[in-house]
Amino acid sequence: MSNCSTDKHESCGQDCGCNPAGGLAPLHAHDHTCACNGSVPATEVPADGEESGCGCSSCGCHSHEHDHGSGSDKRELLLMGFSAVLFATGMLADDSMAQHVPNWLVLTVFYALPYILCGYDVLRLGLKSILKKDFFNEFTLMSGATIAAIALGELPEAVGVMLFYRIGEFVQERAAGHSRRSVKALLAARPSIAHQIVDDGSVRDVKPEDLGPGSHILVRPGEKIPLDGTVLEGDSQVDTSPLTGESIPLRLLPGGRVHAGTINLNGSLRIEVTSAFAESSIARILEMVENAVARKAPTERFITRVARWYTPAVTGLALLVAVIPPALGFGPFSEWLYRALVLLVISCPCALLISIPLGYFGGIGAASRRGILIKGGAVLDSLRDIRVAALDKTGTLTEGVFEVNAVLPAQDVEPDELLTTAALAESRSNHPIARSVMRAAIEANIITDDTAISSMREIPGKGVEVHTADATLLAGNAALMEAYDIAPQTVTVPGSVVQVARNGRLLGALVVADRLKPQSPEAIEGLRRMGIGTIAMLTGDRTEQARPVAERLKLDILKADLLPEDKADALEAIGPVKNTLFVGDGINDAPVLATAGVGVAMGGLGAEAAIETADVVILDDNPARLPELLRIARRTRTIVWQNITMALGIKSVFMGLGIFGLSGLWEAVFADVGVALMAVLNAARAGKIDTK
């Protein structure tokens, strides 16, 4: 898989920075629609199956499969590893080797060769920029800085700059490439087959895209519903969690609406299609992810903004120093030319070029040791502006596992008697609530024998009726009790209520609710301490299921019953998108994860589409990592700005000394190399950030 073709590359020139060899990706920023491929959006997949892109991290047109982990990736690693070994050997043993082999051979093998291997792309793009009369950009800055270092005899420094730059670009582009696979993950998750019912009553398999409104389809138990539609025949439970995150199945009867991507559980359904696949729920999710990812190109990097004024300003200043003073009679031209060269040497931006990416990667490394994967330094920049946090419920704040959290026996009924009867009544049901009742019985050392059941009848939308040799058992909602003239128990505890009766007598009720993660309260408190002013829950669960969790965690905003497209709109309504953080785990969260300023996915049990779309992945599903993430991002940003301030400050002082003739080339080299070393050592602190 290649990047741009040669002809595209030539047409793009410096504005794209394509590298047919799959090497360097430029840092410059431009419009989110790459000039290489016309108006094709950055995330669009060409019809022929090949994925092209310019390799630019700013526009997102980088090939979706830069072959990281395959041929191109291995070649890049081999090139960087070989160059690093040569460079390290030269730095450690060049003096001893010079006693046995010619010095020119040492310089050629251990310095010149790795410089060319790592710097070829930068030098080539810098030359192309100059030929196009674009003299002041990152590539001319890098080329000029390293060539100046070589001219001063500092070849090792030039090699180090190019090597660190190459490694930094590889790591950052590799991390960014994962998020671009979100579209593929969604495409893999969509339904691929629809069972069309033709006029003679037979069934044939077709692609969902081939059907339109008015078509009739059959959906069997266990299958994904391929298209949006209305139920004509059948009675079934549907798992809507792929779209809404709702963990309780939804009952569907004739007349009910169904959405593509949901799963039919236990009964066949005849459905009339109401919209084409392109307008279905799953297709809308795909479109929203594509559009949101296209809008979220990486933040323009600081060094590029510096290059716009730094290089022209320093070059212009050096020119003025060389020309104006001798013209005014303040000394010979040779003296002021020397001072101008000192000024250019001091201004070499090596400290910034090395320390800034190292600072970001140190922060990324510190986060990874905490089980937090951050997809690039631009994400750390975005995290500093977060003012609003929105979280999904199921799988994010809760474990997505129902449990019995209240046993409420009626008068003169023992709790164990109530739980035993409920467990026997639910023993043959596969409903999630029934399974939670069975787990509660096992934890209470209650053993049920379902062989005592002579018959069982599920009453859709109400519960179950079970007969044994000597009893009739009922377990379900209040409507089931009322249907048998039994007054249901009044329950004020939040959650799903299971009323239990035996032989016409109410035994009590059980309250079943999704289990809150033990770290969730700590996570919310930590976000408050980090200055997050608004914390919201955006969930596809029903309001009665979500409200108890929101109240327990003292959240500011609750928006429930949301479809995926509703979540993105709700997030935008809460605050400026660039200042929002969203945390989720399901495929239904993919659009809002891509829309948010920073999207965070729970990676342990999260859907692949959510993980690939998100900017950050929490590997252990622990929400308490969120405050740690913000702390790491802010500390990293502080270290990066310390380096920027230190480098520019010290260099400014030595520039002034150089202009007045108080520093020479030795001091210039110290100001350059010494500042670079201090900046690198300071950047290394980012990898040791304490999250406490």
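Computed from a prediction, not measured in an experiment: that's the story for all the values here.

Conventions we followed
Residue positions are given per chain, counting from 1 as you read along its sequence in written order. Local features in a predicted model are, by the rule used here, given only for residues with pLDDT of at least 70; side-chain atom pairs are given and counted only at 80 or more, and totals for whole chains, interfaces and linings are based on all residues. Calculation of side-chain values draws on the structure's entire complement of heavy atoms; hydrogens and water are dropped beforehand. For two strands to pair, DSSP has to find at least two bridges joining them. Secondary structure elements are taken from DSSP: a helix is a run of H or I of four residues or more, a strand is a run of E of two residues or more, and numbering for both begins at the N terminus. To estimate the expected span of a helix, subtract one from its residue number and multiply by 1.5 Å. Only protein chains enter the accessibility calculation, which uses a 1.4 Å probe. A residue is then buried if its area is under 20% of the maximum for its type, exposed if over 50%, and partly exposed in between. The patches reported here contain residues having more than 30% relative accessible area and no salt bridge. Joining distances are 9 Å for like charges and 5 Å for nonpolar side chains (Val, Leu, Ile, Met, Phe, Trp, Tyr). Computed with a 1.4 Å probe, the accessible areas rest on the Shrake-Rupley method; for each residue, only the protein chains presented here act as cover. A pairing counts as a salt bridge when a side-chain nitrogen of Lys or Arg comes within 4 Å of a carboxyl oxygen of Asp or Glu. pLDDT is a residue-level measure of predictor confidence that goes from 0 to 100. Only heavy atoms enter the contact rule, under which two residues are in contact if any of them lie within 4.5 Å.

Draft legend 1. View of the sheet that holds strand β3 (residues 216–219). Taken together, the six strands give an open sheet; going across it, the order is β2-β1-β3-β9-β4-β7, and neighbouring strands pair in antiparallel fashion. A single partner strand is all that each edge strand has here, and the edge strands are β2 (203–206) and β7 (257–258). As paired elements, strand β1 (residues 194–197) and β2 share four bridges and run antiparallel to each other. In the strand pairing of β2, Gln 196 is matched with Arg 204.

Draft legend 2. Broad picture of helix α13 (residues 415–426). Counted at 1.5 Å a residue, the expected span for α13 with its 12 residues is 16 Å, and the 16 Å between its end C-alpha atoms agrees. Turning to α13, its buried residues are Leu 418, Leu 419, Thr 421, Ala 422, Ala 423, Leu 424, Ala 425 and Glu 426.

Draft legend 3. Main features of a nonpolar patch on the surface. A contiguous nonpolar surface patch, about 790 Å² in accessible area, is contributed by Leu 319, Leu 320, Val 323, Ile 324, Leu 328, Phe 330, Phe 333 and Leu 337. Among the elements that make up the nonpolar patch, the one with the highest residue count is helix α9 (residues 302–327) (four residues). If you trace the backbone, Val 323 turns up in helix α9. By relative accessible area, Val 323 is classed as partly exposed at 43%.

Draft legend 4. Expanded view of the confidence of the model for the chain. In this model, the chain carries a mean pLDDT of 76, and residues with pLDDT of at least 70 account for 73%. Considering only residues more than four positions removed or in separate chains, one finds that residues 175–188, a stretch of pLDDT under 50, has 36 contacts. Across residues 288–300, confidence stays below pLDDT 50; counting only partners more than four residues off in sequence or on other chains, it has 39 contacts.

Draft legend 5. Representation of the pattern of salt bridges in the model. For the structure on display, the rule yields 18 salt bridges. For Glu 403, the salt bridge goes to Arg 515, with nearest N and O atoms at 3.3 Å. You can see Glu 403 sitting in strand β12 (residues 398–409) and its partner Arg 515 sitting in strand β17 (residues 505–516), a full 112 residues away along the chain. With a relative accessible area of 28%, Arg 515 lands in the partly exposed category. Taken together, the shared-partner salt bridges in this structure form one network comprising Asp 381, Arg 384, Asp 385 and Arg 637.

Draft legend 6. The arrangement of unusual backbone geometry in detail. One non-glycine residue, Asp 412, adopts positive backbone phi at about 70°. Here Asp 412 lies in the loop between β12 and α13. Looking at Asp 412, the relative accessible area reads 69%, which means it is exposed. Of note, Asn 445 is a non-glycine position whose phi angle comes to about 60°, a positive value.

Draft legend 7. The arrangement of the side chain of Thr 396 in detail. Following the sequence through the fold, Thr 396 ends up in the loop between β11 (388–391) and β12. Judged by relative accessible area, which is 0%, Thr 396 ranks as buried. The residues contacting Thr 396, other than those within four sequence positions of it, are Leu 391, Lys 517, Ser 520, Val 583, Gly 584, Asp 585, Met 602 and Pro 623.

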